[in-house]
Amino acid sequence: MSTPPTAPQKKAPSRNFVQQIIDADRKAGKNGGRVHTRFPPEPNGYLHIGHAKSICLNFGLAVQYGGKCNLRFDDTNPIKEEEQYVRSIIEDVRWLGFDWEDRLCYGSDYFGKMFDCAVDLINKGKAYVCDLTADQTREYRGTLTSPGKNSPFRDRGVEENLDLFERMRAGEFPDGSRTLRAKIDMASPNLNMRDPVMYRILHAGHHRTSEEWCIYPMYDWAHGLEDSVERITHSICTLEFENHRPLYDWFLDALGVFHPQQIEFARLELTYTVMSKRKLLELVQEKLVGGWDDPRMPTLSGLRRRGVTPESIRAFCDRIGVAKFNSTIDIATLQNCVREDLNKRAPRVMGVLRPLRVVIENYPENEVEELDAVNNPEDPSAGTRKVPFSRVLYIEHEDFMEEPPRKFFRLALGREVRLRYAYFITCRDVIKDESTGEVVELRCSYDPATRGGDSPDGRKVKATLHWVSEKHAVDIEVRLYNHLFTKEVPDSTEEGGDWRENLNPESLEVLPSCKAEPSLANAQPGTRFQFERKGYFCVDPDSTSEKRVFNRTVSLRDSWARAQKKAAGK
RNA sequence: UGGGCUGUGGUGCAAUCGGUAGCACGUCUGACUCUGGAUCAGAAGGUUCCAGGUUCGAGUCCUGGCAGCCCAGCCA
């Protein structure tokens, strides 16, 4: 049967509100249909997954509409910004998979242009030099419910303003002594419009312009101008800038220059993590984590080190959508995207996290067999490999229970299970540490007829365990990560509490003595694997030639563990 | 009685000009399986913030409330 030509079309994929605005603009012929966006980070910290949402939005829009997207550093505050952040941001955006071609821009490149524009505004009587101190400026601004009052310097003449502004630039005045302000409306209900500061005096070296300037533009003054100079059509930013849009528009109109459209969307929040730059900085500075790239951090460098792929981050950003509602995404959604991606591409290997020694009593003493193992059942082209099997093995400690509860399918005394790709084994005896009672070794027998894992008599087994041959195993270290915080919303604390109280003491668990199959001996940092039945792991740069270190990116979905947890919770 | 924005299953996002609420994640079943993975099939879950109004018909329009977020840096 063939599809009739007039079959009802599948609903067109829905468009988010930004796309709808752009669609309408193009339909109206605005900007000649051109779409040009930008991602404008301030180089004062590392990028995190919240930034990824913005990056995917801005660069994604450019791709969808055949337009362009600039990478632009909004570097107007030399006190907070550093070269190291510029480098990390460039690396992270590239890693995410986006290309700005030759359009790597810096706000600081336009400092000269901005100065000239400020002079233009002074000449138009729309800006003035103000001698009020910071404290006085605040007092004059008024409050949310009461209007401000005009600065006594508001009506200075153009010539005097010009002279003072030139001298501000020349370095004649100390920090904080004067500002250049826009002359708008001290009674505006929007505080941003109450004669906002355009320039402040800052005798500070800049990571790019060095000592060239001692006055620096404020965000509101600089940003629209940067957008305008770059002929940005749609200037996308987060919700907190909504109140700034009238000012954005005012500056551009006052100047009479190309006028991009500012559009605001809700930033990303994730459960069990913090996203504010300030808090992330504190985690690093107070050594609450190992650094910006600690695999528990929501930074792109942390996620990368943990083993998260750029593809899964992009899929995640697609999936969560773009809107104006302030929402918090369940971290499970991210994990799902990671698993979805890694399931298709990560080669499977066997690694035992908490080894329990198993001796196959009826297996020949010095015999070694090379068994065939599938590299990736999701990808036949990944082929197979050989895994050595011998008399003494390690299995996962939790795969054995002396007194198995109902629905525990794994190994127990007298029970038969399959060793993946190998043989059926039956547990014959349990050896315990005499003093602690801890199970330290299992004595088992195997059925030679089940070689490869199939039983010729059609006998079924309820479980398949992963394993590693003792004498062939490589020693590895495994680092397990859990949520960085114990609460979905780390900011929620008792009265007077601190968000740090919600840090999860068990967010990192180091297992120094794990065993893995020999194929992992030379795995290079950054390589990802699935440890069968355990999860996805990525080789950490801390690895040495003697010992590889693996980060658990994310566990496999585990209905048994979930059931256990649920039972324990009850 | 400062201003701006936002309210749709547990979570996030849809629903063209008003046409009778859909997708994903999560949760729970079941099937299948040499990963308790993956896959497949299914289920539960909604006074669309509330109250009025317009209309044959309202998540969409009107009026009035309520709730949440943002704003008083010479930060961005």
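The structure under discussion appears in the preceding block.
Residues numbered from 1 in each chain as written. Chains lettered and ligands numbered in written order. Predicted model: local features only at pLDDT ≥ 70, side-chain atom pairs only at ≥ 80, totals over all residues. Heavy atoms only, no water.

Draft legend 1. Molecular detail of the pairing of strand β19 (residues 424-432). Note that strand β18 (residues 416-419) and β19 share 3 bridges and pair antiparallel. Looking across to β19, one finds that Glu 416 is bridged to Thr 426. Hairpin geometry of β18 and β19 is characterised by an intervening segment of 4 residues between the two adjacent antiparallel strands and by a positive phi of about 65 degrees at Tyr 421. Pairing of β19 with strand β20 (residues 439-447) involves 8 bridges; the strand directions are antiparallel. (Pairing = 2+ DSSP bridges. Helix = DSSP H or I, 4+ residues; strand = E, 2+ residues; numbered from the N terminus.)

Draft legend 2. Molecular detail of the sheet that holds strand β6 (residues 197-201). Here 4 strands make up an open sheet; going across it, the order is β4-β5-β6-β7 and the pairing antiparallel. At either margin of the open sheet sits one strand with a lone partner, and together these are β4 (127-130) and β7 (215-217). Direction aside, neighbouring strands of the sheet carry axes that sit 20 degrees apart on average. Across 3 bridges, the pairing between strand β5 (residues 179-182) and β6 is antiparallel. Looking at the pairing, Leu 180 lines up with Tyr 199 of β6. Packed on one face of the sheet, helix α4 (residues 111-123) meets β4, β5, β6 and β7 and runs near 120 degrees to β6. Set on the sheet, helix α6 (residues 158-170) makes contact with β4, β5, β6 and β7; between it and β4 the angle comes to about 60 degrees. (Axes fitted to C-alpha atoms, helices over the stretch in contact; angles between N-to-C directions. Contact = heavy atoms within 4.5 Å.)

Draft legend 3. Structural context of the sheet that holds strand β21 (residues 464-465). The strand order across the open sheet formed by 7 strands is β21-β18-β19-β20-β14-β17-β22, and the pairing between neighbours is mixed. Each edge of the open sheet carries a strand with a single partner, namely β21 and β22 (467-469). Here strand β17 (residues 392-396) runs beside β22; their pairing, made up of 3 bridges, is antiparallel. Paired with Ile 395 across the bridge in β22 is Trp 467.

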